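# Descriptive structure summary
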Amino acid sequence: MREIAVSGVRPTGKQHLGNYLGAVVNFVRMQEEYDGYFFIADLHSLTTHPRAADLQANVRQTLIEYLACGLDPAKCTLFVQSHVPQISELYLIFNMFAYDGELHKVPTFKDKVRSQPDNVNAGLLTYPVLMAVDILIHHATKVPVGKDQMQHIEMTRNFGNRFNHTYGVEYFKEPTGFNYGDAPLSVPSLDGEGKMSKSKGENTVIYLMDEPDVIRKKVMKAPSDSGPTEPGQAKTEAVQNLFDLMKLASKPEVIAQYDKAYDECTIRYGDMKKQIAEDMTIFLTPIRERIREISADQSYLTRVMEEGGEKARASAQKTVRDVREIIGLKSR
Ligand code: ADP
Ligand code: TRP
């Protein structure tokens, strides 16, 4: 039997290169080796009270882009979180195993208290409980996520173990965070400051859907420098960022050529940025075309959601039935 992997993303609309290279490529690769449950975490996104129409549109767009990136409903279970009501039921039960003190200490919660003091709702506080349930309900052992989510995985293990201990069972397994390679890839922002994130503004991210001229315009605005004046000079932060961006989509021989030009002090950053934009365009064009094709096929999307929901509910239903029995609630 294959190991089970679970991961979710909040439906935030258009995906960017960071989302793709940092997260989605892992799912695409994992679907070949694991029983993957990949879902759109629409319940989690309710903490920010999105407008109904926006939420719907964002769920759909996220699904379209995941399919365009290569997630294949024949190879994994691709679903929308709210289509699996068993998750909400198990979430209620797991709230009994999460302590107020530990929830208040979670760094992602403390960040929200700082960033949105007007909306510190209980859903934010119990966000890690819902996430733990997403993982435990399918008995996942691998959870492909970035570094910022590792604390949530640790809490998932704690909640599962606490449940097991309380009822004297060995029912839930311990999941661990997962990524291919030593560390999760971090895609830099175009402005050279930190990682690419849509919260930093339109011009600092490359969306999978960006047209070639938009990609070019954004990349040309990336900061550079006047260049080295003597061999062996260390790269400035801005220049290093250009090289990091180049690594994402350019061929090794192209990178080597620019490395050499840097060493020989003949590098021209305008040319380098043109090359980066061109290579990103080549890389993203097939994805953009797939996005357009899939967007036009609403019945396919509906079918994917229905079939994924059905598979996820079957797996979740079995867990909820077991849990009800273990804790002494009569099964329906
Ligand atoms: P954003 O920062 O744009 O709001 P999200 O927080 O919605 O992105 O991230 C969705 C997924 O994409 C997460 O798994 C996250 O780890 C990954 N991700 C986001 N930005 C990057 C990046 N710049 N590099 C690598 N992975 C990223
Ligand atoms: N909290 C994750 C994020 O913000 C999204 C998420 C929700 C998730 N449920 C999950 C990730 C379960 C992995 C497993 O990126």
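Here, every reference points to the structure presented above.
Residues numbered from 1 in each chain as written. Chains lettered and ligands numbered in written order. Predicted model: local features only at pLDDT ≥ 70, side-chain atom pairs only at ≥ 80, totals over all residues. Heavy atoms only, no water.

## Quick word on the nonpolar core
Formed by 59 residues in total, the largest nonpolar core has its most connected members in Ile206, Met272 and Met280. With 9 residues, the single largest contributor to this core is helix H13 (residues 269–295). Residue contributions to this core reach at least three from each of two domains, namely domain 1 (4–186 + 297–327) and domain 2 (198–292). In this structure, Leu90, Val143, Phe163 and Ala316 belong to the second largest nonpolar core, which totals 40 residues. (Core = buried A, V, L, I, M, F, W, Y, C linked by side-chain atoms within 4.5 Å. Buried < 20%, exposed > 50% of the residue type's maximum accessible area, 1.4 Å probe, protein only. Helix = DSSP H or I, 4+ residues; strand = E, 2+ residues; numbered from the N terminus. Domains from an automatic or database assignment.)

## A few points about the site of ligand 2
Every residue close to ligand 2 is listed here: Ser7, Gly8, Arg10, Phe39, His44, Tyr127, Met131, Asp134, Ile135, Val143, Val145 and Gln149. Within the contact set of ligand 2, an oxygen atom lies 3.1 Å away from a side-chain nitrogen or oxygen of Arg10. At a separation of 2.7 Å, a nitrogen atom of ligand 2 approaches a polar side-chain atom of Tyr127. Its free accessible area being 370 Å², ligand 2 has 92% of it covered by the protein chains. At the level of secondary structure, the elements contributing two or more residues to the shell around ligand 2 comprise strand E1 (4–9) and helix H8 (127–136). With 4 residues, the top contributor of residues to the shell around ligand 2 is H8. (Near = heavy atom within 4 Å. Polar contact = N/O pair within 3.5 Å; in protein donor to acceptor, adjacent residues only side chain to side chain. Areas by Shrake-Rupley, 256 points an atom, 1.4 Å probe, with all protein chains shown as cover.)

## Some thoughts on the pattern of salt bridges
Enumeration according to the criterion identifies 17 salt bridges in this entry. For Glu32, the salt bridge identified is with Lys75, shortest N-O distance 2.9 Å. Here the residue Glu32 occupies a position in helix H1 (residues 17–33), and Lys75 occupies one in the loop between helix H3 (52–69) and strand E3 (77–80), the gap between them amounting to 43 residues. Among the residues examined, Lys75 registers a relative accessible area of 36% and is labelled partly exposed. Across the pair Lys318 and Asp322 runs a salt bridge whose closest N-O atoms are separated by 3.2 Å. Of this pair, Lys318 and Asp322 are both found in helix H14 (residues 298–327), 4 residues apart, which corresponds to roughly one turn of the helix. (Salt bridge = Lys/Arg side-chain N within 4 Å of Asp/Glu carboxyl O.)

Keep in mind these values describe shape, not function.
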